[in-house]
Each structure stands twice: as C-alpha cells, then as structure tokens.
2 protein chains.
Amino acid sequence: MTAMNVGAANREALERLCRARPAWTAVRPAREAIGLSGRTLLHAGPPIEWKRMCWPMRGAVRAAALFEGWVRSAEEADALAAAGEITFAPCASHGAVGPMAGIISPETPVLVVEDRVNGTSACSFIADGPWGHQLRFGAHGPETLAGLAWVRDVAAPAFATVLEREGPIDLASLMAQALSMGDEMHMRNAAATGLLARRLAAPLVAAAPNAAELEKILRFVTRDNDQFFLAWSMCAAKAAARAIEDLPGSTVVSTMARNGIEFGIRVAGLGERWFTGPASVVDGLYFPGFTAADANRDTGDSAIMETYGLGGMAMAASPAVQKIVGAKSFADAVQTTRDMGEICVGGNPLFPIAPLGGDGTPTAIDIRKVVQTGIVPRINTAIAHAKASRMIGAGIATPPSGPFVDALVAFGERHPG
Amino acid sequence: MTAMNVGAANREALERLCRARPAWTAVRPAREAIGLSGRTLLHAGPPIEWKRMCWPMRGAVRAAALFEGWVRSAEEADALAAAGEITFAPCASHGAVGPMAGIISPETPVLVVEDRVNGTSACSFIADGPWGHQLRFGAHGPETLAGLAWVRDVAAPAFATVLEREGPIDLASLMAQALSMGDEMHMRNAAATGLLARRLAAPLVAAAPNAAELEKILRFVTRDNDQFFLAWSMCAAKAAARAIEDLPGSTVVSTMARNGIEFGIRVAGLGERWFTGPASVVDGLYFPGFTAADANRDTGDSAIMETYGLGGMAMAASPAVQKIVGAKSFADAVQTTRDMGEICVGGNPLFPIAPLGGDGTPTAIDIRKVVQTGIVPRINTAIAHAKASRMIGAGIATPPSGPFVDALVAFGERHPG
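Another aspect to go through is the pattern of salt bridges. All names here are of chain A. Under the counting rule described, the total for this entry stands at 48 salt bridges over all chains. Between Arg152 and Asp153 there is a salt bridge, with the nearest N and O atoms lying 2.8 Å from each other. Of the residues examined, Arg152 reaches a relative accessible area of 30% and is grouped as partly exposed. Here Asp153 falls in the partly exposed class, since its relative accessible area comes to 45%. Linked by salt bridges that have partners in common, Lys238, Arg242, Glu245, Arg266 and Glu272 make up one network.

Listed below in structure tokens is the structure:
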C-alpha cells in the first residue's frame, strides 16, 4: 500500500464525514432498532467483561437488568452477570453510542438517526428521565427506574408521534447553526438544546397524552439541562462515522470510545479490530466537594464527537465551553483547534469557525499524523464519580498514544510495502 | 463645566448602563403600563406630526385606530388623524420603545421590563401576531387586526399568567448568555429566542386557555421567527438607558431613534431635547425582488440596542449577523466593534466578547468622541418597504453626524466655560 493510496483513502474518509447529513427519523425500542434480543446489553467503549467493569458501568448494568425485569434486586443483577447470563457487547459495534457507562438494553427506547447521503444510521438512548440519578453514571435506585419507565412510556412515544407527523428533523443544519452559537456539541449543547426545543415544543402539544404529561415532557426537553441534545449530537456523529467503519486502506480513526477502564480506537482500514490502552484520568474542573480522587477514569462513547471533528477538536468555536472544561483562554482554545488540525485530514465545511477565518472544524483523525506529531486528540468530557452514581465535574481527557501506535503497526502489517 | 466634570458624569452614565439588570416582570395594556389615555398613539423616533409621517407609520396608525375601535376604515383613520383628533408622541419620551413604525395604542398589551438596580422600567409591544402582515411595517388589513386581537386576548394573558406564577425572568443573564451564543441582540436574536422559549414552554401549558391555543402560542414563541426576542431586548436596553435620560453634565447618548423621516438623538445632560437630521438610506441586503429603490428610510426605536452597547456596537460577538446585514468578514466585524470603542466611554463587563480577549461591548456613546473622531454609531437594522407593509431586507444604517454636532454645541451653550 503506497502513501499515495492511503492518502486517497483518507480523502475519501474525510469526504464521507463531511458530506453526511444526519437526520432524526424515529424513536424505537433498541430491540427493534438495533436488533437486541435476549439478555444482551450494549456498553460504552471497547469490549469488556463483567468482572473488569468499573463501578458506574456495573451500576448501569444493575439498572438495565431491573428495568428489563430480568431481576428484582441489584444483588440478583450482579449474580446474573457474574454467572455469564448476560451477553455484553460494545455499542460501537452495533451502530450505537452510549454516553458514560453507555448501557443500552432491548426495551430501551432509542433515537434513530439516519444519514441518507452515505446510507448509514445510528442509535442512542435518549436520557434517563427528568429526575436526575442517571443510569449513565451508575444509578439504579427507584428514581432512576421510574425515570427510565417514564421515558419509555411517555416521552419516547410522544417524540415518535412528533416525528411521524412532522417528518425527519435535519440534525446537520441544526448542529451547524448550534456550532455558530458556541456549542462544540460535546460538553456544550446549550444552543442545540434550544433549537431542538423550538422544533419540538408546538408539535408536542398534540403528541402528549395529557396536559400534565405535556408539561413534564416540555420541562424535560427545555429546562435545566443544557446537555439534553447530547444524545442527538452523538447519534449524528455516529451515523457519520459509520460511513468509514470499513474503508479499506484508510488510516482515519472511525471510533474513539472509553469503558472507564480502557480507551480504545478503531481505524477505517482495519474494520472491527480494537486498539486499546488505559483510560486516562481526566484533567478537569470539579463540582464543589469533589476532587480527582473521587473520579472514575475516562468513560463513554461520547468521544464519537471528536471522531467526527467536534468537541475538543472544535474548541475555538466555543468560548463558553472553556469555562466548563477548564481551558485557559480563548487563545488557548484557538491553539487547541489548530493543533487538532495537525492530526486531521482536513476541515468540515459544514462547521466553519468564524475566528479561524471560516475554516471548518478539523475532521478525520489520521493515526499516521498522531504518531508523527505526538499530538493525540483532545477529548472534552464529563467526569463520573467512581462509586457514587453521579457527575462530579468536566474536563479534558488526553488519551494514551499507545493505541494509535499499535494501530499504525497493525496497518503496516496488513499493508506491507 | 470642566472636561473633568463631564468625564465623571460620563463614567457615571457608563456605570449605570453596566450595572442595569433588567428583568421581565409583567404584561399589561399600554393604558395601564404607560398611562396612555384617550386617542393617543406613541410612535418610533423623534417627534413627528401626522402630515409628515412616512407611509409605514401611517399604515400602522390606521391599524392602531382600527384595533382601538376609533374608526371603521383606513380612510376614517386618515381623516381622524388629519383632523388632529389623534395625539401623537414619541415612545422614547414615555419609557417605551417601538420597532419600525413603533405605534403603540392604549389597548396594546406591552411587555413591562424593570431594572431594580437603577429603579427604572420600560415597555414595548410584544409582536403583531403569528400571521405576518405586521403593523410595524404599516400593515393594517384583516390578518393584522386578527393578529393584534389574538395577542391581546390569548398570548398576552398567557404570558402574564406565567410571570405571575414563575416570577420575573432575568433578561440580563439571558442576554449575556445569548451574546456569547452569537446574538448581537438587534438583527440577530436567535439564541435569545431559544433561551426564552425554553423558559416559557413548560409553564405555558398551565397558562394557556386550551390545547389548540397552547399549540398556537408555542408556535408563536418557538417557530419561524428568530427575531421574536427583539421586543424583550429592546425593552431591556430601554430600561437600562432610562437610567441616563436625565444625568446632568453627561455627554453620553441616552436615545437614538428614527421615525422613517428623521434620525434623532437625546443626550444624558440635555434631558428631553431632541437633535435630529435626515434618516439615512440603509446599506443592506435585500430579499429577492427588492432593491434600495423600494426601501423606506431608516426607521424604528430599535437603535436603543446600539445606545445600550449591543447591535452594531457588538458586531464582533456575532459572526452570524454579518450575513444578515451584509458585513464583509469576521475581521471587518471585529474592526467595527473596535471603531465603536473609539466613541464609547467604556465596555460592559456583562457582555464580554471572547475574540476580543473578553473585553465588554463598547457602551455609552460620547457625543464629544463622535464629533472628534468623525465616527458615527453603526446601527444594524431591518429595512421596511416604503409602501408595501413588509420587511424587504436588513443592513447597516449610518446615521447623519449633524445631530451629534448640534447636541455638542447645545451642551457647550448650556455648560459654558
């Protein structure tokens, strides 16, 4: 394989990522949308077995097992998992993405996002319900289960009805607008959440079962959670990235994901194979009362945002996210995006950054450039408590370089000469 | 009056503008909120009598006279006005602001915005209804009147109920957030509209009379009008500016407004007195099928945004508005804001602009600096058709320098030595 051929494959990868126009088309149970059956759970990050899972992921497994009715207590869930009675697989390998612990079970209602340009689709669970105590952070108490049931029984059907009546919602243009409004779409989705709320509010009136539930749904969609849109942005990014999950000859990263123990990547030209290293400790800002000593290691499929050229890659577009993740200054954010440009194939014209003269966000991470420059992708991320089922801050994860080096070696072995 | 004393008065003006924290507190008829009675109409810009009014303002007078039930036809409205049976006064002199023609009649429901820091308040009419054909552009047909009646009978009471139940809505923090999301708050209010929609959507459920009207109200608030928030931003800016409407010794501009014929300013140290010159032809981008030959001259009270340090003063904060008003580039927008800094007393820390290192938007226009530098405030604005009751574009108005020179001469006469 010559460098010229790799260059052409990588340009094709960039082109596919840039031309993607993901749209939200449906809400369906994971059973239907992803084809999950039996006692199967999808999780965030590279493959991992029950006994090696971090505490937040184990908590989320408990929540899912209770939600599915497979067990009646957390202890029964642990026993079921330990007995090998639950099949685990990465979301990433099933066209899905899960934030933080990222557990998706068959009855979980998922967003379905389709990109008709590349002919791909992707799914993610919507959210955990309006009462906090989120499954994604390992919560599995009564409030969490009530929230999951409410999303399944009330919010998800209402969203599905809106889509049936209104048709697909164009996420590409919505995200392009939100980026110009200061979202980097990973740790800041405030503008996108507002734009989605504006799309959904009026049609939800006829789609909700009654006024009390309508008010609850509207509150869920519009209030107190600037990150509500994250599930949509992750789905859109995954739908785009699926177009390069099997692109022979390309050294572009198709997946970056963490399971709380390991960070892993997959590469377009190497298909399903994972390259992993230890998940990093996130360098972040902690909520009052918490420190790095309380933190779980980096976790979640949300690094799909950086895989798609947003999040940490797009820091220069989002002055507001700097305060959330602890970046130093606007100049520092601009420098980060310039650095990310060093390891990417090109820019995405869908996401021009005004302070960079309208250059598109750096897109299509080339493992050759990562290895040559020593610059690794910068990932903006939330920080989970290691054992207390909650978010305790946000920051910047610097993934290990090992997986990029290993992947390049494997690529060389597969493409000698 | 020494220059040192003027400097102190101007710093006080800046301080008052910067410390203002306007909040939306109520919705009431102009009759109650402004004390309008009898056949009185407020209009945009400096004082003007019926026979000199431009066509859009005459159209809006017809709409208001019909809405109030004073007349039964446009012809009757013209006759009533021509007979001197309608009292006209500027919004600006009654603590109010009106976009474009800016006609406010006694039964018009108005937003009430209060700034408890400076102890001021301001009002503006909400909007013309959900069907286009806006009074502000001179429309006065059945759709316009139906829209005004619907706002009066349905939307305004629902908003009032939300405020009674939820308490005041802090517009200062909402606008600060919106500015960081690319709104300059005059010709771009997309982010602010989304933030307001997120605040209102859920509580409107219990405040609307029924599901059909709720859906219509939500559509009105959330869909198809990125400028919905403009009435709120104008009210907030007016509430702030009222704190300097009578500030002895200050050469800071307290009002900039246009009536479609004349551009006028008032100055903090000169109270109610107006200084006027011909309203300019707006340099803008026209909707397809329209040219500058179709345009009315610059009109409306919305230049209160620039008076408060937003709009054209804040171009660097709003890459997106450049395309709306026809600015050349991001660099050009940054330069505009730097130029505006040359004629202002200081920056408003409530509105930091990230690409300018976090400097606040240029605030408190000093007529001395305008005259010294020859730089006039740059006003972003919508363009009204001269005779067809509609918006036909948007652009940048460059007001005449005469009123600033005249005001400085008057200031010198009042403060000799």
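Residue and element names in this part refer to chain B. The four strands are arranged E10-E9-E8-E12 in an open sheet whose pairing can be described as antiparallel. Only two strands of the sheet have a single neighbouring strand rather than two, namely strand E10 (275-278) and strand E12 (299-300). Here helix H14 (residues 402-414) sits on the sheet and contacts strand E8 (253-259), strand E9 (262-267) and E10; the angle it forms with E10, its principal contact strand, is near 155°.

All names here are of chain A. As for its placement among the helices and strands, Ser233 is situated in helix H9 (residues 230-241). With a relative accessible area of 0%, Ser233 lands in the buried category. Ignoring any residue separated from it by four or fewer positions in sequence, one finds Ser233 in contact with Met175, Met185, Asn189 and Met305.

All right, on to the interface of chain B and chain A then. Facing 31 residues of chain B, the contacting portion of chain A comprises 31 residues. Among the residues of chain B in contact with chain A, Met181, Arg198 and Arg223 of chain B are the three that bury the most area, contributing 28% of the side total. Summed over the shared surface of chain B and chain A, the number is six salt bridges. For Arg219 of chain B, the salt bridge identified is with Glu166 of chain A, shortest N-O distance 3.9 Å. Linking chain B with chain A are eight residue pairs in polar contact (both at pLDDT 80 or more), by the criterion used here. At the level of secondary structure, the elements contributing two or more residues to the side of chain B that touches chain A comprise helix H7 (190-207) and helix H8 (211-222) of chain B.

What follows concerns the state of the cysteines. Two cysteines, two sulfur atoms, one covalent bond between them: this is a disulfide. All names here are of chain B. Following the criterion strictly, the structure yields zero disulfides over all chains and no others. The structure places no disulfide on Cys54, whose sulfur is separated from the nearest cysteine sulfur, that of Cys91, by 13 Å. A relative accessible area of 6% means that Cys54 is categorised as buried. The class for Cys91 is buried, based on a relative accessible area of 0%.

In this section: the relation of the copies chain B and chain A. Between the two copies, chain B and chain A, the superposition gives an RMSD of 0.0 Å; the rotation angle is 180° and the shift along the axis is 0.0 Å. When the rotation and shift are considered jointly, the pair of chain copies conforms to a two-fold rotation axis. Nearest to the rotation axis, the C-alpha of Met181 of chain B is located 2.1 Å from it, this being the minimum over chain B. Taken together, the interface assignments show that 100% of the residues at the interface of chain B recur at the interface of chain A, consistent with an identical surface on both copies.

Residue and element names in this part refer to chain B. Interhelical geometry of helix H3 (residues 55-68) versus helix H5 (residues 142-166) gives an angle of 55° and a closest axis separation of 10 Å. The orientation of H3 with respect to H5, classified from their angle, is oblique. In this structure, the crossing between H3 and H5 has a hand that is right-handed. On H5, the residues touching Ala63, Leu66 and Phe67 of H3 are Leu145, Leu148, Ala149 and Arg152. When its residues are assigned to classes, the contact of H3 with H5 shows six nonpolar, no polar and one charged.

On average, chain A scores 95 in pLDDT, and the residues at 70 or more come to 99%. For this predicted complex, the interface score ipTM comes out at 0.91, while the overall pTM is 0.94.

What follows concerns the sheet that holds strand E1 (residues 22-29) of chain A. All names here are of chain A. Read across the sheet, five strands follow the order E4-E6-E5-E1-E7 without closing on themselves; strand pairing throughout is mixed. Strand pairing shows two members of the sheet lacking a second neighbour, strand E4 (96-97) and strand E7 (169-170), which therefore form its edges. Two strands pair when backbone bridges link them, and E1 and E7 are joined in this way by two bridges, in the antiparallel orientation. Paired with Ala23 across the strands is Asp170, a residue of E7. Contacts from H9 reach E1, E4, strand E5 (109-115) and strand E6 (120-125) within the one sheet, and its direction differs from that of E6 by about 150°.

So, on to H8 of chain B. Working note: α-helix, 3.6 residues per turn, so residues spaced by three or four point in the same direction. The end-to-end C-alpha distance of H8 of chain B is 16 Å, a good match for the 16 Å that 12 residues give at a rise of 1.5 Å each. Looking only at H8 of chain B, the buried set comprises Glu213, Leu214, Ile217, Leu218, Phe220, Val221 and Thr222 of chain B. Of the surrounding secondary structure, the elements contacted by the buried residues of H8 of chain B are helix H7 (190-207) and helix H8 (211-222) of chain A together with H5 and H7 of chain B. Sitting at the head of H8 of chain B, Asn210 of chain B places a side-chain oxygen 3.1 Å from the backbone nitrogen of Ala212 of chain B. Positive backbone phi, approximately 65°, marks Asp224 of chain B, located one or two places after H8 of chain B.

The next point concerns the pairing of strand E2 (residues 40-43) of chain A. All names here are of chain A. Residues of E2 alternate between two faces, with Thr40 and Leu42 on one and Leu41 and His43 on the opposite face, all of them buried. Pairing geometry for E2 and strand E3 (residues 87-90), over four bridges, is parallel. Across the sheet, the residue bridging to His43 is Pro90, located in E3.

Residues and elements named next belong to chain A. As enumerated under the stated definition, the model contains 18 aromatic pairs over all chains in all. With a centroid separation of 5.1 Å and 80° between ring planes, the pair formed by Phe220 and Phe228 is classed as edge-to-face. Looking at Phe220, the relative accessible area reads 8%, which means it is buried. Three or more aromatic residues joined by ring pairs make a cluster, and in this case those are Trp24, Trp150, Phe159, Phe220, Phe228, Phe229 and Trp232. The ring of Trp50 has Arg58 lying over it, and the distance from NZ or CZ to the ring centre is 4.5 Å.

Each value, and the rule that gives it
- Every chain's residues receive numbers from 1 upward, in the order its sequence appears when written.
- Chain letters and ligand numbers both follow the written order, the letters beginning at A and the numbers at 1.
- Reporting of local features is limited, given that this is a predicted model, to residues whose pLDDT is at least 70; pairs of side-chain atoms are given and counted only at 80 or more, and all residues count toward the totals for whole chains, interfaces and linings.
- With hydrogens and water excluded, all non-hydrogen atoms of the structure serve as input to the side-chain values.
- Salt bridges are identified by distance alone: a Lys or Arg side-chain nitrogen within 4 Å of an Asp or Glu carboxyl oxygen.
- The rule is simple: take the accessible area with a 1.4 Å probe, protein chains only, and divide by the maximum for that residue type; under 20% is buried, over 50% is exposed, in between is partly exposed.
- At least two DSSP bridges between two strands are required for those strands to pair.
- For the purposes of this entry, the term helix denotes a DSSP run of H or I that reaches at least four residues, the term strand denotes a run of E that reaches at least two, and both are numbered from the N terminus.
- Any two residues having at least one pair of non-hydrogen atoms within 4.5 Å are treated as being in contact.
- A fitted line through C-alpha atoms represents every axis, and for helices the fit uses only the stretch in contact; the resulting angles, taken between N-to-C directions, go from 0 to 180 degrees.
- Summed over both partners, buried area is the accessible surface (1.4 Å probe) that two parts give up on being assembled.
- Any pair of N or O atoms that falls within 3.5 Å is considered a polar contact. Within protein, one atom must be able to donate a hydrogen and the other to accept it, and sequence-neighbouring residues count only if both atoms are side-chain atoms.
- Note on terminology: pairs of cysteine sulfur atoms within 2.5 Å are recorded as disulfides.
- For this overlay, a least-squares fit was computed on C-alpha atoms, restricted to residues scoring pLDDT of at least 70 in both copies.
- In this scheme, roughly parallel covers angles under 35 degrees and roughly antiparallel covers those over 145, while 65 to 115 is roughly perpendicular and the rest are oblique.
- Here a crossing is called left-handed whenever its near helix is offset anticlockwise from the far helix by less than a right angle, and right-handed whenever the offset is clockwise.
- Following the grouping adopted for this structure description, the nonpolar residues are Ala, Val, Leu, Ile, Met, Phe, Trp, Tyr, Cys and Pro, the charged ones are Asp, Glu, Lys and Arg, and the polar ones are all others, Gly among them.
- Known as pLDDT, the predictor's confidence for each residue is given on a scale from 0 to 100.
- A helix is expected to reach a length of 1.5 Å times the quantity of its residues less one.
- Stacked, edge-to-face and tilted are the three classes for Phe, Tyr and Trp ring pairs, Trp counted by its six-membered ring, which pair at centre distances within 6.5 Å; planes under 30 degrees apart are stacked, over 60 edge-to-face, the rest tilted.
- Cation placement over rings: the criterion is NZ of Lys or CZ of Arg within 6 Å of the ring centroid and within 35° of the ring normal.

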